[in-house]
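Below, each chain spelled out in residue letters.
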Amino acid sequence: MTAGLLNVATEKRRTLRESQRVSFDVRLNGHRSRHWSTPSGGATLRLKEENRYRTFVDLERIACRLPAAIWHSPGGPREVTIWCSNDYLGMSQNAAVVQAMVDTAIRLGTGSGGTRNIAGTNHPLVELERELADLHAKPAALVFTSGYVANQSSISTIAKLIPNCLILSDELNHNSMIEGVNQSNCVKQVFRHNDLGHLEQLLTSAGQRRPKIVLFESLYSMDGDFAPIGAICDLAKRHNAMTYCDEVHAVGMYGATGAGIAERDGVSGLVDVIEGTLAKAYGGLGGYIAGSARLVDAVRSYASGFIFTTALPPPVCAAALAAIRHLKSSNHERLRHQENAARLKRLICGAALPLRPTDSHILPIMVRDSEQCQKASALLLEDHAIYIQPINYPTVPRGAERLRISRRFTRTCKSIVS
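Nothing here was measured: the structure is a model prediction, and the numbers come from that model. Numbering of residues starts from 1 in every chain and runs along the sequence as written. Per-residue local features are limited, in this predicted model, to residues with pLDDT of at least 70; the limit for side-chain atom pairs, both in listing and counting, is 80 or more; totals at the level of whole chains, interfaces and linings are taken over all residues. The basis for the side-chain values is all heavy atoms of the structure; hydrogens and waters are excluded.

Asker: Can you walk me through the packing of helix α8 (residues 196-206) against helix α9 (residues 229-238) in this structure?
Answerer: In helix packing, the relevant descriptors are the interaxial angle and the interaxial distance, both defined with respect to the helix axes. Axis definition: a line fit to C-alpha positions, over the contact stretch in the case of helices; interaxial angles, taken between N-to-C directions, run 0 to 180 degrees. We count a stretch as a helix when DSSP gives it H or I for four or more residues in a row; a strand needs E for two or more, and each element gets its number in order from the N terminus. The contact between α8 and α9 brings their axes to 10 Å, and the two run at 15 degrees. Relative to α9, the element α8 lies roughly parallel. Note on packing geometry: the crossing formed by α8 with α9 is right-handed. Within the contact between the two elements, α8 uses Leu 196, Leu 199, Glu 200 and Leu 203 and α9 uses Ala 231, Ile 232, Leu 235, Ala 236 and Arg 238. By the convention adopted, Pro, Cys, Tyr, Trp, Phe, Met, Ile, Leu, Val and Ala count as nonpolar, Lys, Arg, Asp and Glu as charged, and the other residues, Gly among them, as polar. For the contact of α8 with α9, the residue count by class is seven nonpolar, no polar and two charged. Should an angle lie under 35 degrees it is considered roughly parallel, over 145 roughly antiparallel, and from 65 to 115 roughly perpendicular; all remaining angles are considered oblique. Each crossing gets its hand from how the near helix is turned against the far one by less than a right angle, where anticlockwise is left-handed and clockwise is right-handed. By definition, residues are in contact when any of their heavy atoms lie within 4.5 Å.

Below you can see the structure in the form of structure tokens.
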């Protein structure tokens, strides 16, 4: 009898779940789907019609031969050259970095075992945070699972914890910063890109007494231009505002020890919060913030994106630590990378290609049409074995589609001119 009652109860629960699933309607692109778990194909179809549908290229990077890779194409494996990787200095293939990861995996295993609060605070991670704080000359640092999560969690948490906080954000800030702003539920104002006059106008209108935070990037990844960090910080200080600077495309790449544009310009001490990544110039995975001990502790204590996720594994932390320490003392990779970028820039300009002017290592070739951008990318890959991903809306505005070139550090320039 008990078994029969259990069967009836189970059947009732199954019927209830099914009725809820069927009756739950979702509208996508004006269409109605009867099953919430099966969204309408209209949304993705629209992306394809607008030439904005993302296709992933199946690549197998070749150790010690970067930027060479094997493309597992529909017609079979082919060797190609990657011209758009964010592994700017090839640190993912650095012998000391790889060895640090292998040795740590053998000693500590491959996983962290839990969240930071539950057994996941492994010693290599603690060492990594100390190294990052030292890199940016800040009292403390906090590591997240990615640069995206670092921005999203830190910005939303900091703003929420400051009563009546006003957020002032550069119009070209990364999506991770925008999401952090949106999740804070604070009032926001967007200032024109790198426009100090507009920023000062907004700061003045807000008044001295209102708490404010200014969000900007040191190096903007799509246009390749720099922010006037010192001038922004001076304005913020005069108007009693906090500053938050995203250095993800600059850490490892600029400055005497690779601490970024703020270090290069001698203004690190003026920035309240520096955010960076371990996944670009350092060749690994993860993101972080560096700032005052009090601020970092507040984010550590309240940021959901930090609290409720598994900590970075020890081998990943050990590899990042080795990369940071190497680039602190070695300027060789940075200099050679800048030389290669400058040479490639001259070749592009000599070929009369529409290169957007930039002083950084990021070289945007402006196509300004989504269909032509996809076609150009496909032509380069299929006919010339060069992989450059097309950049379309919403990453950039419509009409600003481009091929974004970021050649990595190499020990020879022969591949550039051939």
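Asker: Mind showing me how you'd approach the pairing of strand β12 (residues 287-291) here?
Answerer: In summary, the side chains of a regular strand alternate between the two faces of the sheet. Burial status follows relative accessibility: with a 1.4 Å probe on protein chains alone, a residue under 20% of its type maximum counts as buried, one over 50% as exposed, and anything between as partly exposed. Of all five residues that make up β12, five are buried, and the element is covered over most of its length. In this description, strands pair whenever DSSP reports at least two bridges between them. The sheet contact formed by strand β6 (residues 140-144) and β12 spans five bridges and is antiparallel. Across the sheet, residue Phe 144 finds its bridge partner in β12, namely Gly 287. Pairing of strand β11 (residues 273-277) with β12, which is carried by four bridges, proceeds in the antiparallel orientation. In the sheet register, Glu 275 faces β12, and the bridge partner there is Ile 289.

Asker: What am I meant to see in the nonpolar core here?
Answerer: Where a protein is soluble and globular, its nonpolar side chains tend to be buried together. Here, nonpolar core refers to any group of buried Ala, Val, Leu, Ile, Met, Phe, Trp, Tyr and Cys residues whose side-chain atoms link them within 4.5 Å. Leu 128, Leu 132, Val 214 and Ile 229 are the most contacted members of the largest nonpolar core, which totals 58 residues. Examining the composition of this core, we find that nine residues originate from one element, helix α13 (residues 314-329), more than from any other. With near-sequence residues (within four places) excluded, Val 214 lies in contact with Leu 168, Phe 191, Leu 199, Leu 203, Ile 232, Ala 236, Ala 241, Met 242, Thr 243 and Tyr 244. Formed by 22 residues, the second largest nonpolar core is a distinct cluster that contains Ile 155, Ile 213, Ile 289 and Val 299.

Asker: Whenever I open this one, the environment of Arg 78 confuses me. Can you help?
Answerer: For Arg 78, the location among the structural elements is in strand β5 (residues 76-82). Distance from Arg 78 to Leu 59, taken between C-alpha atoms, is 9.6 Å for residues 19 residues apart in sequence. Polar contact is the term for a pair of N or O atoms within 3.5 Å; when the atoms are in protein, one must be able to donate a hydrogen and the other to accept it, and sequence-neighboring residues count only if both atoms are side-chain atoms. From its side chain, Arg 78 meets the backbone oxygen of Glu 382 in a polar contact 3.0 Å long.

Asker: Help me understand the packing of aromatic side chains in this model?
Answerer: The geometry of an aromatic ring pair is captured by two quantities: the separation of the ring centres and the angle between the planes. When the centres of two rings from Phe, Tyr and Trp lie within 6.5 Å, Trp using its six-membered ring, the rings pair. Their planes under 30 degrees apart give stacked, over 60 give edge-to-face, and anything left gives tilted. All chains considered together, the criterion is met by two aromatic pairs. An angle of 70 degrees between the planes, with centres 5.7 Å apart, marks the rings of Phe 144 and Phe 306 as edge-to-face. Remark: Phe 306 occurs in helix α12 (residues 304-307) and Phe 144 occurs in strand β6; sequence separation between them is 162 residues. Of the two residues, Phe 144 and Phe 306, both sit in the buried class. Consider the rings of Phe 226 and Tyr 254, whose centres lie 5.6 Å apart with planes at 85 degrees: the pair is edge-to-face. Of this pair, Phe 226 sits in the loop between β9 (212-217) and α9 while Tyr 254 is found in the loop between β10 (241-246) and α10 (261-264), placing the two residues 28 residues apart along the sequence.

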